Amino acid sequence: ISMKIAIVGAGIVGVTTAYELAADGHEVTVFERRGTAAEETSFANAGLVAPGYVTPWAAPGMPRKVLGHLMSRHAPVKLGSGLGASELAWMWRWWRACKLETYLANRARMQRLAFYSRQRLHQVTADLKLEYDRSDGYMVLLRSEKDRELTRPGLQVLRDAGVKFREIGPDEARKVEPALNPDTDFAGAIHLPDDEVGNCRQFALLLKDEARRLGAVFEFNTTVASVSADPKPTLTVAGEAAPRPFDAVVMCAGIASAALLRPLGLKLPLVAVHGYSVSAHIREPLNAPRSAVMDERYKVAISRLGLRVRIAGSAEVGGSPTAMRAASLQTLYKVLHDWFPGAAQLSAGVQEWKGARPMMPDGPPLIGPSGLPGIWLNLGHGSSGWALACGSARALGDLMARRAPEVDLEGLGIERLRR
């Protein structure tokens, strides 16, 4: 049955949802406060599609690590100044979700969705002949034996998931990525040939055009002021007096979705975990990475996206969405210099970016009915939005059509919050 559906948010999750619902024959309208798609969280992320590495932040040992990082200059995790009550409540829920059994259940949920999502990404890319900057292969660089030891449990996870990988020494790693700095000593690497990196924003813009071709309407520079579910879903746009009626509303606007749902009595424990990236033109292709590498110690990814190189990392809970923390950017430059010193043209045309990644305290996103009539959720993907978007969108489309999704969505619905 064809429905009239509103989607709030045109990031990677909103755009993939719009495409899948339009492909199912629904009448889709997307509302986005920015001037184009993928302007916020999806704008300049690392671009990694590595399903075996999609894991919850809430993991055993993480609270100790976060505390240990508080004093460190190049820490991968930082707490913003002036944490509010919602952030502190989130941190408490996050801490409780770090228990081993909770972590294992949530990791399985996220990885199941991530493998399905990669399959869907490849399917959509092939069907629509989409061409965006991407490259194959992913390598995790281990600076020391201690770093290698810390990755051991993760490798067992990859084995259990059937992920193809090789543990290699520095010489072999330099064959995979010949531009690695000869002066940087390191213990070895983990090479994952089937993983990839791609430009999330380019993909989102191409898919937006495909959704439009199928009849989806995108209303940009349009802020949704309120959403109502009683008795049927309506949505009020800022500056318009009358609410607009729909058969269904899908919330894909991250933190903004949480704010819109709060007056309806639905309190979602979402906070913004800010990430940073630096994108620069490649100065000399021979000095740049061929695909993507991850510095395991600093949790910084260096990706090649066409003629540019992107360095992305850091996780900052709370703090200002706009104020750039100098130390976080310095860490990105340091990691780039350690591994690929001659890769980027840093004198001009450098884009420094900070984006909010709306994250649930226990890790997995929320996909499915909200419990409010006609209002659906596809949000809370955190730093894994690009890796999970295509699968989340297809699964949601199936749920809305009352079909069984091709992926098991156990634990990804709103009922998880009531446990």
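Description of the structure in this document.

The rules behind the values
Per-chain numbering applies: the sequence of each chain, read as written, is numbered from 1 onward. Selection of residues for local features in this predicted model requires a pLDDT of at least 70, selection of side-chain atom pairs for listing and counting requires 80 or more, and totals for whole chains, interfaces and linings are taken over all residues. Side-chain figures throughout are based on the complete set of non-hydrogen atoms in the structure, without hydrogens or water. Take a side-chain nitrogen of Lys or Arg and a carboxyl oxygen of Asp or Glu: if they are within 4 Å of each other, that pair is a salt bridge. A run of DSSP states H or I qualifies as a helix once it reaches four residues; a run of E qualifies as a strand once it reaches two. Both are numbered from the N-terminal end. To sort residues, take the accessible area from a 1.4 Å probe on protein chains only and compare it with the maximum for the residue type: under 20% means buried, over 50% means exposed, and anything in between is partly exposed. Here, the term disulfide refers to a pair of cysteine sulfur atoms separated by no more than 2.5 Å. For this count, His and the chain ends are skipped, Lys and Arg are scored as positive, and Asp and Glu as negative. In protein, a polar contact means a hydrogen-donor-capable atom and an acceptor-capable atom, both N or O and within 3.5 Å, with residues adjacent in sequence counting only if both atoms are side-chain atoms; elsewhere, any N or O pair within 3.5 Å suffices. Note on contacts: a residue pair qualifies if any of its non-hydrogen atoms lie within 4.5 Å across the two residues.

## Notes on the pattern of salt bridges
No. 1: Per the counting criterion, the structure on display carries 32 salt bridges.
No. 2: A salt bridge links Glu410 to Arg112, with the shortest nitrogen-to-oxygen separation between them at 3.6 Å. Placement of the pair is Glu410 in the segment after helix 10 (385-400) and Arg112 in helix 4 (residues 100-128), with a sequence separation of 298 residues.
No. 3: For Glu410, a relative accessible area of 37% corresponds to the partly exposed category.
No. 4: For Arg112, a relative accessible area of 30% gives the class partly exposed.
No. 5: Arg152 is the salt-bridge partner of Glu167, the closest N and O atoms lying 3.0 Å from each other. Of this pair, Glu167 sits in strand 6 (residues 166-168) while Arg152 sits in helix 5 (residues 145-160), and the two are 15 residues apart along the sequence.
No. 6: Via salt bridges that share partners, Glu20, Asp24, Arg120, Arg394, Asp398 and Arg403 belong to a single interconnected network.

## Describing unusual backbone geometry
No. 1: Note that the residue after Asp230, namely Pro231, is joined by a cis bond; omega there is -10°.
No. 2: The phi angle at Ala38 is positive, at roughly 55°, despite the residue not being glycine.
No. 3: Position of Ala38 among the secondary structure elements: in the loop between strand 2 (27-31) and strand 3 (48-49).
No. 4: Of note, the phi angle at Arg402 is positive, near 60°, even though the residue is not glycine.
No. 5: By secondary structure assignment, the location of Arg402 is in the segment after helix 10.

## Description of the state of the cysteines
No. 1: Under the defined criterion, the tally for this structure stands at zero disulfides.
No. 2: Cysteine Cys200 remains unbridged, with the sulfur of Cys390 as its closest cysteine sulfur at 9.0 Å.
No. 3: Classification of Cys390 as buried rests on a relative accessible area of 3%.

## Concerning the side chain of Arg310
No. 1: Relative to the assigned elements, Arg310 resides in strand 16 (residues 308-317).
No. 2: No salt bridge is formed by the buried Arg310. Its closest oppositely charged neighbour is Asp133, at 8.3 Å.
No. 3: A polar atom in the side chain of Arg310 sits 2.9 Å from the backbone oxygen of Asn45.
No. 4: Within the structure, Arg310 has its side chain in polar contact with the side chain of Ser279 (distance 2.8 Å).
No. 5: Not counting the four nearest positions on each side in its chain, Arg310 is found in contact with Phe43, Ala44, Asn45, Ala46, Ser277, Val278, Ser279, Ala301, Ile302, Ser303, Leu305 and Gln351.

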